[in-house]
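Residue-level listing of the chains:
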Amino acid sequence: TDQELVVLMGAHTLGRARPWRSGEGAASTSYTRDGPGRCKGGTSWTKEWLKFDNSYFKNLVDPQNPADPQLLRLSTDAALVEDPSLREWAERYAEDQELFFTDYARTHRKMSELGAKFEPEQGVELDFEEE
């Protein structure tokens, strides 16, 4: 559903993208260059990329918050505010963190329990070189 798609996108509140793995983002930003341990670098969707909260949605829907060039925003992220049926959910999650947590837990569990089919069955192996 639209709601499930949007709530699962909220997982972008965590983590980063690395250009040598995904082709997206920068090698490092002011938010990620001092990451913990060996987890430095990349481009995050949120300033506090190790904290699970609703800041991903707040960043997307706040008209007073111009896009931060150090944060990642993919076309799939932009679609959450450009499509009216998706924006409705993004706004709800931006306003209500507890609703986000509840819906995320339920939807993630549903997705996990449905399983996935992989082709080929043994999966694939990718060989990426870090810069």
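Residues numbered from 1 in each chain as written. Predicted model: local features only at pLDDT ≥ 70, side-chain atom pairs only at ≥ 80, totals over all residues. Heavy atoms only, no water.

A. Up close: the packing of helix 4 (residues 75-82) against helix 5 (residues 84-95). For the pair helix 4 and helix 5, interaxial distance at closest approach is 5 Å and the crossing angle is 90°. Viewed along their axes, helix 4 and helix 5 adopt a mutual orientation that is roughly perpendicular. On helix 5, the residues touching A79, L80, V81 and E82 of helix 4 are P84, L86, R87 and A90. Residue composition of the contact of helix 4 with helix 5, grouped by class: 6 nonpolar, no polar and 2 charged. (Axes fitted to C-alpha atoms, helices over the stretch in contact; angles between N-to-C directions. Helix = DSSP H or I, 4+ residues; strand = E, 2+ residues; numbered from the N terminus. Parallel < 35°, antiparallel > 145°, perpendicular 65-115°, else oblique. Contact = heavy atoms within 4.5 Å. Nonpolar A, V, L, I, M, F, W, Y, C, P; charged D, E, K, R; others polar.)

B. Region of interest: the pattern of salt bridges. Inspection of the entire model under this criterion finds 6 salt bridges. With a closest N to O distance of 2.6 Å, E4 and K110 form a salt bridge. Pair noted here: E4 is in helix 1 (residues 2-9) and K110 is in helix 6 (residues 97-114), with a separation of 106 residues, a long-range link. Residue classification places E4 among the buried positions, given a relative accessible area of 13%. The class of K110 is partly exposed, set by a relative accessible area of 42%. In this structure, R106 engages D103 in a salt bridge whose closest nitrogen and oxygen atoms are separated by 3.2 Å. Here the residue R106 and the residue D103 both occupy positions in helix 6, the gap between them amounting to 3 residues, near one helical turn. (Salt bridge = Lys/Arg side-chain N within 4 Å of Asp/Glu carboxyl O. Buried < 20%, exposed > 50% of the residue type's maximum accessible area, 1.4 Å probe, protein only.)

C. The packing of aromatic side chains, seen in detail. Counted under the stated rule, the structure contains 10 aromatic pairs. Chaining the aromatic ring pairs together yields one cluster made of F52, Y56, F57, W89, Y93, F100, F101 and Y104. (Phe/Tyr/Trp six-rings, centres within 6.5 Å; stacked < 30°, edge-to-face > 60°.)

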